[in-house]
Amino acid sequence: MKIIRPVEITDGATFSRASTATYFDADGVMQTAAIDEPRWGHEYVDGKWVSKGLVLEGQATNFSRMSSAPTGSHWIHQRVSSSVVAVPSPVSNDSTKLAETTETGEHYFEQQVPAGAGVYTSSAYFKAAEVSVVRFRPVHLGESGPSTSQAIFDLTDNTYTIASGGRIINARIVDAGGGWKRCSVTYEITAATTHHAFRVHIDRAGFTYTGDGVSGYYIAGVQVEQGPYPTSYIPTTTAQVTRAPDLITGTGLVATNVPENDYPEWTAGTYNQGDRRIIAAEHTVYEVVAETTTDSPLDGLAKSPPTWMVVGGTNRWKAFDDKVGTATESPEEIRYSLMPGAGVDAVAFFGVDAGGVQVIVTDPLRGEIYNSITAPVLTDGIETWWDYFFAPIELRQDFVVSGLGATKYCRIDIIITKTGGAAKVGAIVMGKLANLGLAVYGTSVGITDYSRKERDVWGNTIIVERAFSKRADFQVAVETREVGRVQRVLAQYRATPIVWIGADNSEETLVYGFYRDFDIVIANPAISDANISVEGLT
């Protein structure tokens, strides 16, 4: 028997970025986010694009010029030709074909960039054509020794070899879909120089050979930046470009794709009965109940009789309004990025209608520390192949994701997906788990239905469907030495809705609500018997 002690989610967090920035959407298409617009990024994993949550990056500058389809006078050609071709790349609608000439010698393509002392990463997207091996020499400093540093990438089997280390710290090759690979090399410059060079070789027959005038590969999205790893792509033309840092201040809801536009924002004026307005600062929808009024919603609520009534939370905030029966919904996907500002090791979901729920935890120092996807499909009663193929698909509406390990400084991203339909969630509750004891047989579960079911004087049945709430009477075995602690915990939450978990993976024993009463019988020195009656929220 466990509980989740909830963390309140407020609107106290803000997101900002003083420039545009790029990211890949769910279809693998690079998009550009406007100033202060959050980025919900995706990466190519095992043949499909998967969400990696909200993208947060520090400031970065792409020192390379003409980066998207590199060619022209900004680039040095040594026994290679370059031409823009209609081969779409991950970052543009075309790319550059590099081909060796018929000369004998090294065949390479280069651009010199300014260089101060520090750690740099050079990267580009490559796709094999006649040649599938790229010799990457980003460290060409005009110093003795380090100019020979190089890494060799095989675009066919996604491998690399650091052939001559020199200043090279690390290398990476990442699948970007469609045959494209993003190859990068991280290296160190120990002293300020006038320049260093982004250089790639066509490696068809070794380092030095006679070219055939045709063979080569495709290149796009060149980036040279200071830092230990490649960041999101920064397009450039004739000058370097800087992407501003993504910044979060405060705690609470950082970003979401769910707009807060259920109804127009209230402004002073005359309103008629049935008109609805929102006050975004209150995250609340109001409706006029008077025949006509010029009152504000807050003033109208205080009048007798009232001229306005509260309808409920806005769509964006229904997931956090302490109600299970009111659901946040959005076409195909609901995304929340949250800074709880407290330790969180579990998230409970109620009233879910979705094909998958992804939870990602990101630590500011350690990076991503948790990433799981829950497919809330019930398998109860699936005992034969006939059942597997033909039984109706049932979804688990209530479940808990645990083991997050988030500290107060972590960010939690939640992505609820329903392809081709409306994703819905009634309540999201997160917080720290506390163990009360062991729920034992004898626990009873049920619902309290608030629907109206009556017969009129002629015997006709009148049914008006209304909300319902879960309820449970938990029988819990508590270690006698823990009775005092359990009593203190329950007293602390005597007027606060919390999540009650009778047994892991048992939807029927998962209730979001409050206890009506409890009693603990100290039965013997080892184990005591507790009875906790819980009433769920509607």
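(A) Looking closely at the sheet that holds strand E27 (residues 284–288). Ordered by their spatial adjacency, 3 strands build an open sheet running E26-E27-E29, and the pairing between neighbours is antiparallel. Because the sheet does not close on itself, it has two edges, and the strands there are strand E26 (276–279) and strand E29 (308–313). Recorded for the sheet is a direction-independent mean angle of 30° between the axes of neighbouring strands. In terms of strand pairing, E26 meets E27 through 4 bridges, oriented antiparallel. Counted as the bridge partner of Ile-279 is Thr-284 from E27.

(B) View of the environment of Glu-130. Secondary-structure assignment places Glu-130 in the loop between strand E13 (118–128) and strand E14 (133–136). Judged by relative accessible area, which is 44%, Glu-130 ranks as partly exposed. Sequence separation of Glu-130 and Tyr-218 is 88 residues, and the distance between their C-alpha atoms is 9.7 Å. Excluding residues within four positions of it along the chain, Glu-130 makes contact with Lys-97, Val-214, Ser-215 and Gly-216. A polar contact of 3.2 Å, which involves the side chain of Glu-130, links it to the side chain of Lys-97. One polar contact links the side chain of Glu-130 to the main-chain amide nitrogen of Gly-216, over a distance of 3.1 Å.

(C) Unusual backbone geometry, seen in detail. Pro-305 follows Ser-304 through a cis peptide bond whose omega is -5°. Positive phi values are uncommon outside glycine, yet Glu-332 reaches one of about 70°. Inspection of the secondary structure puts Glu-332 in strand E30 (residues 328–339).

Parameters and conventions
- Residues numbered from 1 in each chain as written.
- Predicted model: local features only at pLDDT ≥ 70, side-chain atom pairs only at ≥ 80, totals over all residues.
- Heavy atoms only, no water.
- Pairing = 2+ DSSP bridges.
- Helix = DSSP H or I, 4+ residues; strand = E, 2+ residues; numbered from the N terminus.
- Axes fitted to C-alpha atoms, helices over the stretch in contact; angles between N-to-C directions.
- Buried < 20%, exposed > 50% of the residue type's maximum accessible area, 1.4 Å probe, protein only.
- Contact = heavy atoms within 4.5 Å.
- Polar contact = N/O pair within 3.5 Å; in protein donor to acceptor, adjacent residues only side chain to side chain.

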